[in-house]
Each structure stands twice: as structure tokens, then as C-alpha cells.
There are 2 protein chains.
Amino acid sequence: MTGKAFSSVWLREPRKATSPGRSREEIVRAALELLNEEGLDGLSMRKLGARLQSGATSLYWYVANKDELLELAYDEVWSDMVVPDPGRVSWRHSASALAHSMRQAILRRPWAGNLIGRMPALGPNALRVADQMRRMFKVAGFAGLEIDYAGSTLTAYVFGMTIPEVAWNAATADHSYDADEMRASVAKAAAQFPDMLERIDMTSYDDPQAMREMAFDFGLASVLDGLERRLVT
Amino acid sequence: MTGKAFSSVWLREPRKATSPGRSREEIVRAALELLNEEGLDGLSMRKLGARLQSGATSLYWYVANKDELLELAYDEVWSDMVVPDPGRVSWRHSASALAHSMRQAILRRPWAGNLIGRMPALGPNALRVADQMRRMFKVAGFAGLEIDYAGSTLTAYVFGMTIPEVAWNAATADHSYDADEMRASVAKAAAQFPDMLERIDMTSYDDPQAMREMAFDFGLASVLDGLERRLVT
DNA sequence: ACCTGAACACCGTTCAAGT
DNA sequence: ACCTGAACACCGTTCAAGT
């Protein structure tokens, strides 16, 4: 019972473009526009069809279903992640730059927050990043499976830190943000936890942006220190 | 313009239960059943209404909308995360046990993978865990904002590692899993990346479960080492 | 106070029919 | 080979009307 294995759009050939305004590429471009303008909920096959001056169902000639379309669009997120050459700079510098560029890539495309880690990342951009990261950790001194473990650790940290950040931005984007009100709300919820209340009095809510950057750098330094330690022993 | 701030179900009083089979509690219980049986997509207001022998729209008396219902159900995930008392065991042991229980809590409820980090976690269970974790990092020796940074780092790592794990399980659950086929698929996608191909030849695909546990422990040790290092300097 | 059903404004996807 | 529209089987939510 071999059953058909795990499938991904990237494993199949696209239908070739013939008419000018109608191709997989064209569709993905329009989907990205919609995603960037209106977010994940703003993308529907019907709206996408309208934008391309076609029936919604015409798209199914080029793309098997909406999930595949998302998988195609998703690869774009990886396009501006960078891994500075670990031959020229220290691997720590390279890893740190990668982590920051990953975070920014997601913050710039909030819709990606709901896809990341949930969707296979087998597009060309994702593979490039994975390949460069592997090489980086090899230069650093990791070997065998530990090359992959180190990669997983770094990306898990960055994604785990950034996904909530995106969600938070989305949740507070509508209402004009009021630090005092926020403080009061959370204080109410955390009323029976004296330890939590203590935290609420801190500056945390006044400049959430700066706070998050500090938290990110603190955690990143920890992760990199931890990885470094794995190398020396 | 203060605008209404960030809102969460947990900040409002529930409507009190009157009839026996109809209350916010009852509804959340039924929603959890549906989630555990059919996953996130299996939960619709209509199906939930049917299960409770009521019109779908009757639920709106007890719950403002589906998102709030999810927020309510979501707190359940935190219920079996444990933080061993850091007064009796080392903080490292405590943190490690917490991390493992977090991972298991999510693996046991795959639907949570799509909610985690995306939804405010202000329910009683989530607050208990947050409070205990805070105390743990305080006992460890962190102070001020670093208590929170340490907490964010640990949970970001665990969530970032576990969310893809859940997604992977879901993607491979349908098809009977075939290691060779999988290897071939990924090899095809990664064809131009010699470094990636090297990885594919490893044992990675034969026992993914064991592999993931090793990866998790490797990363966890790194994160804890990194946090420890923050304490001594 | 609580519950109902009809209705609104959407979805993704299939498929026979057209050119 | 490509595109269309109608149709199917769903959604979440509102709201006037019932008891």
C-alpha cells in the first residue's frame, strides 16, 4: 500500500502560458496583490477572478485549488531573506542577519503569519534559504543531522517569536492603541495572579515595538549562544 | 480618540446558565468535542447547533461570535501544561518539563496548531501557566523585563517547533506514509541544491517521529544553555 | 429572557456546455 | 485547448418574530 505521497504544487509542471494575461504566474502575482492589500481573508477565488477579468472558475485551469495557489504565493515570503556568506563573516553574524531578515519578511507580509509552519515550503526561494542556511551551519562546524537540528532551532525561534507579533499587530491595528486601557484590561484578566500584575506595571505597554525588538534580540542571543555551546563540547 | 481597546471574551461576564443543556460552558464542551473529532474545519456553528439540538443561531445568545467561542475553547490547550515547582527541582528541569508538556499538549490537539500564537491567551489555564513560568524564571535568577524575555524565548521555541510538527502530521495522515516516495519527492524539488540532497540521504525520513524528538531536545538544550548563559554574565 | 427560521452575503469547487 | 455560467454544498451572522 504505497498510496500517493505528500503532494506539493512545486512537484508538478505548471500549465504553460498562452494568452498574455492568463497564466499561473499572472494569477500568483494578482493573488499576492490581493494578499498584501487585504490580507488572507481578502483573497477569494471570486475576487481574484474579478481582478483578472475572468470568471473565478477559469483559474482552475492553471491551479488545482486555492491551497496550491497559496503555496505558490507563499514562496514569495522567502524571497527577501538573506544569509550573508559565512565564508566572509562569522557564522554568528550570518545567522543573526538571517534571523532578522526572516522576521522582517514576515512583518512585511502579515498574511504569511497564518501560513508559516503550516504549509510545505518547497518553492525556489524557500529552498534557496534552506540551502544557504545549511551551508552556514556547516561552515560553523556542525555535522550530520545536527546541521538540520541547528536550522530547525533557529527558524523555530524566529517563527515562534514573529507569528504572535503579527497577530498582535492585527488585533491592535483597528482600534487606536491606548496603553492605559490595555494595561487595565490585562490587569483585570490576571487579577488573581500577583506575579503577573507586577509585570503589567512595567513599561511593556508603552512602546510595544521597541519592547518586542529587545525581546527578539534577547532570545536570539540566547539561541545563538546555545548553538555555539553545542559546537565546543 | 481612545477607541475601544483590544477585546477578549475573558474580559466579559458570561451569560448565566438557566436551562440545563444550554450555557456557555455546555457550548464550549461541545465545541471541544467537535474540534477533537473533526479538527478546526469540522467546527461550524451549524454543526455545533445540531449537536446541541438547537438552531445554530441560538448559540449567539451565549457567545458573541465564532472567534470568541474559539478563544474559550482554546484555553483548554493550556490545561495540561505543567511547571514543576522550581523550589524543589532545578529551574532547568522545570523549564524542560514545561517545554515537553507544551509540545505534548499541542500534539494531542492538532487543531490548536492553527490557533496558537494567533489568538490572545487570557483564559484561566493560560494565565496559570504564564504565572508559573514567570515565577520559575524569577527563581532561576532573572529580573525585570528579562523574566518576560526568557519566557517569550522558551515558548517561541516550543511553539515554533511544534506547529510545523502538527502540520506535518496532518499532511501525512491521509496517505499511508512511504519514506522512499517522500525522499524522491523532496529530492526532485531540491534538485539544484547539492547541499540539500546530501541531507535527503540521511535517515531523516525513515523514523520521522524519533527524528523530531531528537531535534526538539537538541534545540531545547540550546535554548536553555543560552538562557543560562544570560544569567551568569 | 431565551429561542427560532428565514434571509443575506458570502465561500470553494465541479461540471456540462460553449468556442 | 481554454473559458464560461449555473449549480452544489457549504459558511458566519443578523434580525424580526415567536414563546
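As the structure is a prediction and not an experimental result, all values here were calculated from the model.

**Quick notes on the interface of chain A and chain B**
Part 1 of the reasoning: Listed per partner, the contact involves 68 residues of chain A and 68 residues of chain B.
Part 2 of the reasoning: Here chain A is connected to chain B by four salt bridges.
Part 3 of the reasoning: Between R229(B) and D225(A) there is a salt bridge; the shortest N-O distance is 3.0 Å.
Part 4 of the reasoning: Here chain A is connected to chain B by seven residue pairs in polar contact (both at pLDDT 80 or more).
Part 5 of the reasoning: When contributions to the side of chain A that touches chain B are tallied by element, the ones reaching two or more residues are α5 (124–140), α6 (145–173), α7 (179–189), α8 (194–200) and α9 (208–232) of chain A.
Part 6 of the reasoning: Among the residues forming the side of chain A that touches chain B, the class breakdown is 32 nonpolar, 18 polar and 18 charged.

**Some points on the layout of surface pockets**
Part 1 of the reasoning: Size it by volume and the second largest pocket reaches roughly 290 Å³.
Part 2 of the reasoning: Contributions of two or more residues to the lining of the second largest pocket are made by α1 (24–38) and α5 of chain A together with α7 (179–189) of chain B.
Part 3 of the reasoning: Across the lining of the second largest pocket, the residue classes tally to 10 nonpolar, two polar and five charged.

**Details of the environment of P110(A)**
Part 1 of the reasoning: Mapped onto the elements, P110(A) comes out in the loop between α4 (91–108) and α5.
Part 2 of the reasoning: On a C-alpha basis, the gap between P110(A) and M214(A) in space is 20 Å, while along the polypeptide they are 104 residues apart.

**Considerations on the pattern of salt bridges**
Part 1 of the reasoning: Counted according to the given criterion, the structure contains 32 salt bridges over all chains.
Part 2 of the reasoning: Here E165(B) and R212(B) are joined by a salt bridge, their closest N and O atoms 3.4 Å apart. Here R212(B) lies in helix α9 (residues 208–232) and E165(B) lies in helix α6 (residues 145–173), a separation of 47 residues in the sequence.
Part 3 of the reasoning: Given the relative accessible area of 18%, R212(B) is considered buried.
Part 4 of the reasoning: Several salt bridges share partner residues, and in doing so they unite E26(A), R29(A), E33(A), E37(A) and R51(A) into one network.

**Notes on the protein's contact with DNA strand D**
Part 1 of the reasoning: Taken together, 19 residues lie around DNA strand D, and T57(A), S58(A), R46(B), T57(B) and Y60(B) are the ones closest in.
Part 2 of the reasoning: Among the atoms of DNA strand D lying within 4 Å of the protein, the sugar-phosphate backbone contributes 52%.
Part 3 of the reasoning: Residue S58(A) places a side-chain N or O atom 2.5 Å away from a phosphate oxygen belonging to DNA strand D.
Part 4 of the reasoning: M45(B) has a polar backbone atom sitting 3.0 Å from a phosphate oxygen of DNA strand D.

**Description of the relation of the copies chain A and chain B**
Part 1 of the reasoning: Note on the copies: chain A fits chain B at an RMSD of 0.0 Å, the axial shift is 0.0 Å, and the rotation between them is 180 degrees. On the angle and the small slide along the axis, the relation comes out as a two-fold axis.
Part 2 of the reasoning: The fraction of interface residues of chain A whose copies in chain B are also interface residues reaches 100%, indicating that both copies meet through the same surface.

**Digging into the domain arrangement of chain A**
Residues and elements named next belong to chain A.
Part 1 of the reasoning: Taken domain by domain, chain A comprises domain 1 (12–64) and domain 2 (80–231).
Part 2 of the reasoning: Its C-alpha centre places domain 1 at a distance of 31 Å from the equivalent point of domain 2.
Part 3 of the reasoning: Approximately 350 Å² of surface area, both sides summed, lies buried where domain 1 meets domain 2, with 77% of it carried by carbon and sulfur atoms.
Part 4 of the reasoning: When residues of domain 1 are sorted by the area they lose upon contact with domain 2, L35, N36 and L40 head the list and together hold 87% of the total.
Part 5 of the reasoning: Between domain 1 and domain 2 we count zero salt bridges in total.

Reading the values: the criteria
- Residue positions are given per chain, counted from 1 along the sequence in the order it is written.
- As they are written, the chains are lettered A onward and the ligands numbered 1 onward, keeping that order.
- In view of the model being predicted, local features appear only for residues whose pLDDT reaches at least 70, and side-chain atom pairs are presented and counted only at 80 or more, with totals across whole chains, interfaces and linings using the full set of residues.
- In computing side-chain properties, one takes all heavy atoms of the structure into account and sets aside hydrogens as well as water.
- In what follows, residue pairs with any heavy atoms lying within 4.5 Å of each other are defined as contacts.
- Within this document, salt bridges are pairs made up of a side-chain nitrogen of Lys or Arg and a carboxyl oxygen of Asp or Glu, the two lying within 4 Å of each other.
- In protein, a polar contact requires one atom able to donate a hydrogen and another able to accept it; more generally it is a pair of N or O atoms within 3.5 Å, and residues adjacent in sequence count only if both atoms are side-chain atoms.
- Comment: elements are numbered from the N terminus, with helices defined as DSSP H or I runs of at least four residues and strands as E runs of at least two.
- In this classification, Asp, Glu, Lys and Arg are treated as charged, Ala, Val, Leu, Ile, Met, Phe, Trp, Tyr, Cys and Pro as nonpolar, and every other residue, Gly included, as polar.
- Put plainly, a pocket is an open set of points on a 1 Å grid over the protein atoms alone with protein on both sides within 12 Å along at least five of seven lines, a cavity is a set where a 1.4 Å probe fits but cannot get out, and a lining residue has an atom within 4 Å of a point.
- Grid points are joined across faces, edges and corners, and a volume is the space filled by probe spheres set on the points.
- The cut-offs for exposure are 20% and 50% of the maximum accessible area for each residue type, with area from a 1.4 Å probe on protein chains only; residues under the lower value are buried, those over the upper are exposed, and the others partly exposed.
- What makes a residue near a molecule or strand is one non-hydrogen atom of that residue sitting within 4 Å of it.
- When the copies are superposed, the least-squares fit takes in the C-alpha atoms of residues with a pLDDT of at least 70 in both.
- An automatic or database domain assignment supplies the residue ranges for each domain.
- Summed over both partners, the accessible area (1.4 Å probe) lost when two parts come together is defined as the buried area.

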